[in-house]
Amino acid sequence: MKFNFTNIVVTSIILSGLFFWNLAESDTTKPLKSKSEFYFKMKSVEKGRFLVKQLGCNDCHTAGYLQLKGNVPENKWLMGDTIGWRGPLGTSYGSNLRLFVDTFKEEEWIKMAKTLKTRPPMPHPILNAMNNEDLQAIYWFIRYLGPSGKPVPDFKPNG
Ligand code: HEC
């Protein structure tokens, strides 16, 4: 086929026809399922944003959050902090949750969060005690933010 003007016009008409036919098709076959799934995810993301903010996850997992009194744009949230927490055992760092959560499927994250044991000062009992719905919401909020940033330094034992 030669790429003259008529061919290009005809091809684009066929392609856009297919495109709209495809849209119409998916809309008639499963409109409610995909829409409710979409709304469910949107609601989860909203609830997750609220929980993360209220429970103070940003205090330790977002660089500068405490110093700037929470004035950090959401796209910079939960990427971890390179300022460590020094305790009797050593120094730990608030992990990059954007990279961490991205490696889990929803069910795996819920299972992990309910049994997670970490070093101080991470308040893991808060996560352990949360119900599935809240953990799901936190999961979808962090997945919505998307993987970003670098891993934080490893735990350093004292001495
Ligand atoms: C007071 C500081 C602090 C707060 C508040 C906090 N974390 Fe942490 N978190 C940490 C530190 C430090 C670590 C690393 C602990 C370690 O090295 O074992 C950690 C580790 C984790 C881990 C394990 C990650 C990994 O790489 O193994 C998860 C998941 C986590 N936090 C989620 C949360 C969530 C969700 C919240 C809010 C409900 C939260 N954290 C609040 C300090 C905190």
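The structure reproduced in this document is the subject of the present report. (Residues numbered from 1 in each chain as written. Predicted model: local features only at pLDDT ≥ 70, side-chain atom pairs only at ≥ 80, totals over all residues.)

Here's the deal with the overall build of the protein chain
- The secondary structure content of the protein chain amounts to seven helices and three strands.
- Ordering the α and β elements of the protein chain from the N terminus gives α-α-α-β-β-α-α-α-α-β.
- By residue count, 21% of the 159 residues in the protein chain fall in the buried class.
- In the protein chain, the proportion of contacts linking residues at least 24 apart, taken out of those at least 6 apart, comes to 60%. (Helix = DSSP H or I, 4+ residues; strand = E, 2+ residues; numbered from the N terminus. Buried ≥ 20, exposed ≤ 12 C-beta atoms within 10 Å, placed from the backbone. Contact = placed C-beta atoms within 7 Å.)

Re the environment of Phe-155
- When you line up the elements, Phe-155 lands in the loop between α7 (132-145) and β3 (156-157).
- Separated by 65 residues in the primary sequence, Phe-155 and Gly-90 place their C-alpha atoms 7.2 Å from one another.
- In contact with Phe-155, other than residues within four places in its own chain, are Gly-90, Thr-91, Ser-92 and Arg-119.

Comments concerning the site of the ligand
- Close contacts around the ligand come from 23 residues, with Cys-57, Cys-60, Ser-95, Arg-119 and Met-122 the closest.
- When contributions to the shell around the ligand are tallied by element, the ones reaching two or more residues are α3 (57-61), α4 (97-101) and α6 (124-128).
- Here the shell around the ligand gets four residues from one element, more than from any other, and that element is α3.
- For the shell around the ligand, the residue count by class is 15 nonpolar, six polar and two charged. (Near = placed C-beta within 6 Å. Nonpolar A, V, L, I, M, F, W, Y, C, P; charged D, E, K, R; others polar.)

A look at the sheet that holds strand β1 (residues 85-86)
- Strands sit in the order β1-β2-β3 across an open sheet of three strands; the sheet is antiparallel. Each of the sheet's edge strands pairs with one partner strand only, and the pair in question is β1 and β3.
- Across two bridges, the pairing between β1 and strand β2 (residues 90-92) is antiparallel. Looking across to β2, one finds that Trp-85 is bridged to Ser-92. (Pairing = 2+ DSSP bridges.)

Brief notes about α7
- The end-to-end C-alpha distance of α7, which contains 14 residues, comes to 20 Å, matching closely the 20 Å that a straight helix rising 1.5 Å per residue would cover.
- Three or more residues of α7 are buried, namely Leu-135, Gln-136, Ala-137, Ile-138, Tyr-139, Trp-140, Phe-141, Ile-142 and Leu-145.
- Count one or two residues on from α7 and you reach Gly-146, which has phi positive near 90 degrees. (Expected span 1.5 Å × (residues − 1).)

Some words on the nonpolar core
- By size, the foremost hydrophobic cluster in this structure holds 18 residues, and its most contacted members are Leu-78, Ile-138, Tyr-139, Phe-141 and Ile-142.
- Every element with two or more residues in this core is listed here: α4, α5 (106-115) and α7.
- Per-element accounting of this core gives the leading share, eight residues, to α7.
- In this structure Leu-78 touches Cys-57, Asn-58, His-61, Thr-62, Leu-97, Arg-98, Ile-142 and Leu-145, once residues within four positions along its chain are discounted. (Core = buried A, V, L, I, M, F, W, Y, C linked by C-beta atoms within 7 Å.)

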